[in-house]
Amino acid sequence: MSILTVPTQPYTDQVPGTSGLRKRVGTFRQPNYIENFVQALLDTAAQQSGGPLALVLGGDGRYLNREAIAVVLQMAAANGVRRVVVGRDGILSTPAASHLIRKRELSGGIILSASHNPGGPEGDFGIKYNIGNGGPAPEAFTAAVAARAAAITQYRRTELEPVPLDRLGETRLGELTVEVVDPVADWASLMESLFDFDGMRDLFRQGFRMRFDAMHAVTGPYAREVFERRLGASPGSVVNAEPSPDFGGGHPDPNLAHAESLVRELFGPDAPDLGAASDGDGDRNMILGRGTFVTPSDSLAVLAANAGLAPGYSWGLAGIARSMPTSSAADRVAERLGITCYETPTGWKFFGNLMDAGRVTLCGEESFGTGSNHIREKDGLWAVLFWLNILARRRISVAQLVQEHWQEYGRNYYARHDYEGIPVEAARGVMDHLRWQLTSLAGRRAGEREVKGADEFVYVDPVDQSFSSGQGLRVLFHDGSRIVARQSGTGTVGATLRLYFEAVETDPDRLNLNPREVLAPLMSLAGDVMELSARTGMTAPTVET
Ligand code: G1P
Ligand code: ZN
């Protein structure tokens with residue numbers, strides 16, 4: 001086989017974050033940029049594995065997906081990779097990729113996506129590496145990749161013709177076996193092993209209506225298969241189901257701001273019973289009922305409280321984990337169940353250790369991420385199926401289910417404010433300013449609530465004792481309410497500050513107030529102590545969810 005050794009310039013900005021290397025498309029189009037990073041990935045992965053690599057490969061179909069797939073295959077062939085399992089047409093959702101790595105016991109996988117960030121020539125692209133447990137590569141791995149990318153001077157690729165990706169089956173590319181698989185089938189079977197498909201089919205037969213918005217991203221084919229084909233939801237229940245390179249010009253992030261038409265439908269006349277959406281690569285989810293929005297934090301708590309209704313979880317939960325800014329609604333369910341609710345830093349990778357050690361079954365983040373130990377990533381459609389399964393068993397509406405939950409456990413009013421694209425210096429200034437006030441905040445009031453204390457969140461992993469500092473500033477109130485401030489680790493332009501507001505109410509007469517009114521005193525206290533508008537020049541957040 002003819003192998004070319006191509007000179008490349010090292011890149012010092014190829015530093016993967018919590019979700020891989022995510023940059024503007026223009027950045028990825030610099031000479032040898034993708035090749036340089038892929039060589040660094042393959043070198044690092046080869047070094048960490050005992051023998052030749054066997055990898056999963058696929059992406060969310062965004063702009064550059066096809067080109068990058070071709071590059072990875074040609075480089076894999078020249079770098080001694082034994083097998084690459086690739087989704088047909090280069091498509092794989094993040095959860096499906098995680099499942100394939102685990103099911104086939106492969107060394108890892110390369111996932112091409114910038115998650116919920118917009119795509120297209122002016123949008124973002126990303127390359128992420130997942131390890132053998134199916135989860136995102138740990139920091140030691142990504143640091144080694146960054147160091148390698150900043151040092152290498154050449155990469156290897158084969159000159160052989162690219163293989164066709166539209167036909168299932170195996171082809172050889174030199175010594176490499178390229179296996180094209182149906183991107184949906186294995187993942188869909190996994191879902192059938194976890195949920196009550198008969199019960200859900202019956203629900204649809206009784207006239208239950210749902211709308212799933214795939215947002216022109218990767219979940220369209222997955223959603224059509226499970227909801228319409230396997231469960232009998234009426235054709236057209238899944239909309240925007242064709243993956244497109246620029247997501248139809250939209251922003252594939254399932255939240256109140258970006259899944260606007262879905263929200264309008266669910267709050268409009270003749271709304272369906274359930275509304276849901278997922279993001280670019282299929283790991284996030286938003287759940288809506290008729291006239292109801294379920295916060296991701298509440299969704300985790302409701303799933304935990306009703307988990308026994310799903311066959312895959314009927315034996316009980318080992319534990320629950322939530323990221324620190326996620327509301328404490330799940331904690332009260334865990335307490336009732338007599339299990340632990342772990343509080344971890346933001347980012348899915350922190351759940352991996354807990355799941356591998358058998359300590360937790362369900363995990364969730366306020367950022368529309370929910371999942372379980374069935375894989376090592378969050379899983380958008382899994383969450384929707386879980387809700388459907390519960391609704392099929394309980395036969396009540398989403399709104400009723402949530403109301404009953406609040407009656408039983410209390411309600412955590414919740415909001416997140418993002419300040420995007422602010423100068424890095426200004427963001428640091430805001431955080432520093434809050435940081436040195438932490439010790440003097442006790443006793444301050446937000447309406448009726450009084451601050452108990454404030455701190456900076458640090459995490460010691462209970463499994464391997466690894467230590468993560470600087471994971472967000474918390475203002476804690478006596479009644480469990482909180483204000484949290486942290487800097488985003490995934491933004492691609494300037495800095496993004498996130499403020500999280502949470503107010504706990506257990507009084508049965510105060511469960512249906514206007515969230516804005518309940519949270520307003522917390523927001524104004526935050527504004528006062530952080531000097532946000534003075535320091536950033538912004539008078540309002542760019543996104544509220
Ligand atoms: C954001 C979310 C976080 C999620 C991550 C990857 O990170 O807040 O929960 O795990 O995206 O999807 P952030 O930008 O806040 O660092
Ligand atoms: Zn995602």
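Below you will find a few notes about this structure. (Residues numbered from 1 in each chain as written. Chains lettered and ligands numbered in written order. Predicted model: local features only at pLDDT ≥ 70, side-chain atom pairs only at ≥ 80, totals over all residues. Heavy atoms only, no water.)

### With respect to the site of ligand 1
Within the structure, ligand 1 sits among 15 residues, and Ser 367, Ser 488, Gly 489, Thr 490 and Arg 498 are positioned closest to it. Between Ser 488 and ligand 1, the recorded distance is 2.6 Å, taken from a side-chain N or O atom to an oxygen atom. Its free accessible area being 380 Å², ligand 1 has 95% of it covered by the protein chains. Residues belonging to the shell around ligand 1 are distributed by class as follows: one nonpolar, seven polar and seven charged. (Near = heavy atom within 4 Å. Polar contact = N/O pair within 3.5 Å; in protein donor to acceptor, adjacent residues only side chain to side chain. Areas by Shrake-Rupley, 256 points an atom, 1.4 Å probe, with all protein chains shown as cover. Nonpolar A, V, L, I, M, F, W, Y, C, P; charged D, E, K, R; others polar.)

### Some details on the sheet that holds strand E12 (residues 274-278)
If you trace the five strands from one edge of the open sheet to the other, you get E11-E10-E12-E13-E14, paired in mixed fashion. Since the sheet does not close on itself, it has two edges, and those belong to strand E11 (238-239) and strand E14 (292-294), each with one partner. Bridge count for strand E10 (residues 210-213) against E11 is two bridges, and the pairing is parallel. Residue pairing for E11: Phe 212 is matched across the bridge by Val 238. (Pairing = 2+ DSSP bridges. Helix = DSSP H or I, 4+ residues; strand = E, 2+ residues; numbered from the N terminus.)

### Remarks on the sheet that holds strand E18 (residues 369-372)
Backbone hydrogen bonds hold the strands of a sheet together, and the pairing may be parallel or antiparallel. Taken in spatial order, the four strands line up as E16-E15-E17-E18 in an open sheet, and their pairing is mixed. Each end of this open sheet is capped by a strand with a single partner; those strands are strand E16 (341-344) and E18. Shown here is a sheet whose adjacent strand axes are inclined to one another by a mean of 15°, direction ignored. (Axes fitted to C-alpha atoms, helices over the stretch in contact; angles between N-to-C directions.)

### Some remarks on the pattern of salt bridges
Counted by the stated rule, this structure contains 47 salt bridges. Measuring nitrogen to oxygen at the nearest pair gives 3.2 Å for the salt bridge that ties Arg 284 to Asp 253. Of this pair, Arg 284 sits in the loop between E12 and strand E13 (285-289) while Asp 253 sits in the loop between E11 and helix H9 (260-266), and the two are 31 residues apart along the sequence. Like Arg 284, the residue Asp 253 is buried in the burial classification. Linked by salt bridges that have partners in common, Arg 322, Asp 331, Glu 343, Asp 455, Arg 474, Arg 482 and Glu 502 make up one network. (Salt bridge = Lys/Arg side-chain N within 4 Å of Asp/Glu carboxyl O. Buried < 20%, exposed > 50% of the residue type's maximum accessible area, 1.4 Å probe, protein only.)

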